[in-house]
Amino acid sequence: MKDLVHANPWEMLREYTAARIALGRTGASLPTEELLKFGLAHAQARDAVHQAFDSEPLAEALAAQGLKTFTVHSAATSREQYLYRPDLGRRLSEASREALMALRQPPADLLIVVADGLSSKAVHRQAVPLITQAHPYLEQLGLSLAPVVLAHQSRVALGDDIGECLWAKAVAILIGERPGLSSPDSLSIYLTWGPHTRRLESERNCISNIRPEGLDYPQAAFKWAWLLEQAFQRRLSGVALKDESDNPAMHGKIHPPAVGHLTTP
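Just so it is clear, the structure is predicted and the values come from calculations on it, not from any experiment.

Q: With reference to specific residues and values, describe the pattern of salt bridges.
A: With the rule as written, the count across this model stands at 14 salt bridges. Between arginine 97 and glutamate 94 there is a salt bridge, with the nearest N and O atoms lying 3.9 Å from each other. Of this pair, arginine 97 and glutamate 94 both sit in helix H4 (residues 94-103), three residues apart, which is roughly one turn of that helix. Notably, a salt bridge pairs lysine 169 with aspartate 109, separated by 3.4 Å at the nearest N-O pair. On the criterion of sequence distance, the pair formed by lysine 169 in the loop between helix H6 (158-166) and strand S4 (170-176) and aspartate 109 in the loop between H4 and strand S2 (110-115) is long-range, its members being 60 residues apart. Judged by its relative accessible area of 43%, lysine 169 is partly exposed. On the basis of relative accessibility, which here comes to 13%, the residue aspartate 109 falls in the buried class. Connected through shared salt-bridge partners, Arg125, Asp185, Arg211 and Glu213 make up one network.

Printed below as a string of structure tokens:
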């Protein structure tokens, strides 16, 4: 039966990537093994989108690091509504808005929002290790932190709404990416200086594919901290702030970790 499967000449490259390349063929079709793998990957992506966001374990893990948390919900009342009405995921529910305003939290330099987005699996796996890795950088920068907000049924722009309510100078929303067929658990960071509800997508910086198999925690934490340092120096974010963290001439307080000290919590 193996003679029926024709290998792809790129097959040797598969060891370097999880992307679906060099799948081979049987006649004009995919080999059965690859077809089954595709079905599994598709099911994992769907599960990641629909998996409920369990924020309580995250709150407990962050509390163990000395970080206060507060839970909010967007205006989307269900997962189905969230998927069909992206606009509702971009603004707070009235109850959450009132609760945030009632906090009377003093303005902070940085607000971190941890949001389910399109993959709560990514948030469950990556958010706490990333924040753990970033915490020393945040202390080095001397930034005051608002309570970490855990956001249900959230789109990226919800961070601006929350940031406006809390008068934060900058907001970083850690959110689950749209799952791919080889990456159902990728996390992104969107950084916005001066968050408010009229911000444009071009006014944010994005760090994506954060997971051990992609951009690992030490590298992601360094990029995040570098962008934060530059955002506070220049008082801007987005297309006007290019990621030049790989250029030693652009390093200020924030420097990349030594190669021998890259650790994953």
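Q: Describe a nonpolar patch on the surface, listing the residues and the values that go with them.
A: A grouping of Trp10, Met12, Leu13 and Tyr16 is seen on the molecular surface, where their side chains present a nonpolar patch of about 540 Å² in accessible area. The topology assignment puts tryptophan 10 in the segment before helix H1 (32-50). Judged by its relative accessible area of 54%, tryptophan 10 falls in the exposed class.

Q: Please provide a residue-by-residue account of the sheet that holds strand S1 (residues 69-73), values included.
A: In space, the six strands of this open sheet follow the order S1-S3-S2-S4-S5-S6, with mixed pairing throughout. Two strands close off the open sheet at either side, each with one partner strand: S1 and strand S6 (204-210). Taking each pair of neighbouring strands and ignoring which way they run, the sheet shows an average axis angle of 20 degrees. Pairing geometry for S4 and strand S5 (residues 187-193), over seven bridges, is antiparallel. Looking across to S5, one finds that leucine 174 is bridged to isoleucine 189.

Reading the values: the criteria
Residues numbered from 1 in each chain as written. Predicted model: local features only at pLDDT ≥ 70, side-chain atom pairs only at ≥ 80, totals over all residues. Heavy atoms only, no water. Salt bridge = Lys/Arg side-chain N within 4 Å of Asp/Glu carboxyl O. Helix = DSSP H or I, 4+ residues; strand = E, 2+ residues; numbered from the N terminus. Buried < 20%, exposed > 50% of the residue type's maximum accessible area, 1.4 Å probe, protein only. Patch = residues over 30% accessible without salt bridge, like charges linked within 9 Å, V, L, I, M, F, W, Y side chains within 5 Å. Areas by Shrake-Rupley, 256 points an atom, 1.4 Å probe, with all protein chains shown as cover. Pairing = 2+ DSSP bridges. Axes fitted to C-alpha atoms, helices over the stretch in contact; angles between N-to-C directions.

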